[in-house]
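# What the coordinates show
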Amino acid sequence: MDKPQGWTSHDVVGRLRRLAGTRKVGHAGTLDPMATGVLVIGINRATRLLTFIVGTSKTYTATIRLGQSTITDDAEGEVIGGSIAAAVTEEDIARGVAALTGEIQQVPSSVSAIKVKGERSYARVRSGQEVDLPARTVTVQRFEIHAVHRVGNGRLQDVEVTVECSSGTYIRALARDLGAALGVGGHLTALRRTQVGPYSIEQARTLDELAGSLDILPLDDAGRALFPVRELSSEESADVSHGRKIGRSVEQTPVAAFAPDGTLVALLENRADTARSVLVFAPGGSRQ
């Protein structure tokens, strides 16, 4: 779905529970309240696929404001520093962006949902504690500048970008680190997620649209979109649905295994000389 601004991901799950008439609803990849865009929702059996979606690459469009730092690294936080960015050139910005492209070490934002001794980092920050999170390796496949605008009587600069990155990359931290590298401070003023794995913003539906018609992607279609596909024979399908091993798959990653009638039976992984089920969606041949 297309998450609206001002809603938490948990708010969206609560609304979808009411619309779908079930408690078994989850989401893959949290979006901050300020952010909009693609939020993949799983309902009933499809919640079991969410773990595999969380680890897929993401694409965002964003606006980075140079000249101000905030406590949250985005527009929702108090301004805590910065310098006039008028002298920063587009060449300077391009060099800073290039240094943040590829495999990098990134310190997550202190107001992230990462747990520190059992407590969310953002909760510790809001209670007045200092949080020092370790850097982690992330990959920024694409960090593309589309436009640079002077704002605030020329004292600030807004940089419109597209970022394609690995799971676990914080776009707020990219804004913070770009501003720090340029010596003027930076934070995020707008963020929209346009792609999660195979799912694009063009496929997403708003809450109003879903309230009018709950347009749910069938589980079989979701499996084909997310994983390499293995078509099973009737005998293999029966074996897998009962938890028995079958011959190895060609692919090394998990594959979506389908019965001859097109039903998603299971996710399979190779182990030694056989393929075994990671998840079974049609146990014992059940189609429920």
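These remarks concern the structure in this document.

Moving on: the layout of surface pockets. Of the pockets and cavities examined, the second largest pocket occupies roughly 710 Å³. Broken down by element, the residue count for the lining of the second largest pocket peaks at 4 residues, all from strand β4 (residues 40-43). Of the residues contributing to the lining of the second largest pocket, the split by class is 21 nonpolar, 4 polar and 3 charged.

Moving on to the pattern of salt bridges. Under the criterion given, the structure shown has 12 salt bridges. Among the salt bridges present, the one from Arg65 reaches Asp158, with a minimum N-O distance of 2.7 Å. Here Arg65 is found in strand β5 (residues 58-66), whereas its partner Asp158 is found in strand β12 (residues 156-165), with 93 residues between them in sequence. By relative accessible area, Asp158 is classed as buried at 10%. When salt bridges that share partners are traced, they join Asp73, Arg176 and Asp177 into one network.

A few words on the sheet that holds strand β19 (residues 274-280). A sheet is described by the order of its strands in space; here 5 strands give the open sequence β15-β17-β18-β19-β16, paired in mixed fashion. Each edge of the open sheet carries a strand with a single partner, namely β15 (229-231) and β16 (246-247). Sheet analysis places β16 next to β19, joined by 2 bridges and oriented antiparallel. The residue of β19 that forms the bridge with Ile246 is Ala275. Each of β15, β17 (255-258) and β18 (264-271) is contacted by helix α7 (residues 219-226), which is oriented at about 140° to β17, the strand it contacts most. Against the sheet, helix α8 (residues 234-241) contacts β15, β16, β18 and β19, and its axis sits at roughly 80° relative to β18.

With respect to the element layout, Ile201 can be found in the loop between β14 (199-200) and α6 (207-212). When its relative accessible area of 18% is taken as the criterion, Ile201 is described as buried. Setting aside its immediate chain neighbours within four residues, Ile201 contacts Asp2, Gly37, Val38, Arg192, Arg193 and Thr194.

In this section: the pairing of β19. As judged from the 6 bridges shared by β18 and β19, these two strands associate in the antiparallel manner. Paired with Leu268 across the two strands is Ser277, which belongs to β19. Here β18 folds back onto β19, and the loop between the two strands holds 2 residues, one of which, Ala272, carries a positive phi near 60°.

Rules used throughout
- Residues numbered from 1 in each chain as written.
- Predicted model: local features only at pLDDT ≥ 70, side-chain atom pairs only at ≥ 80, totals over all residues.
- Heavy atoms only, no water.
- 1 Å grid on protein atoms, 1.4 Å probe; cavity = no way out; pocket = protein on both sides within 12 Å on 5 of 7 lines; lining within 4 Å.
- Points joined across faces, edges and corners; volume = space filled by probe spheres on them.
- Helix = DSSP H or I, 4+ residues; strand = E, 2+ residues; numbered from the N terminus.
- Nonpolar A, V, L, I, M, F, W, Y, C, P; charged D, E, K, R; others polar.
- Salt bridge = Lys/Arg side-chain N within 4 Å of Asp/Glu carboxyl O.
- Buried < 20%, exposed > 50% of the residue type's maximum accessible area, 1.4 Å probe, protein only.
- Pairing = 2+ DSSP bridges.
- Contact = heavy atoms within 4.5 Å.
- Axes fitted to C-alpha atoms, helices over the stretch in contact; angles between N-to-C directions.

On their own, these measurements won't tell you what the molecule is for.
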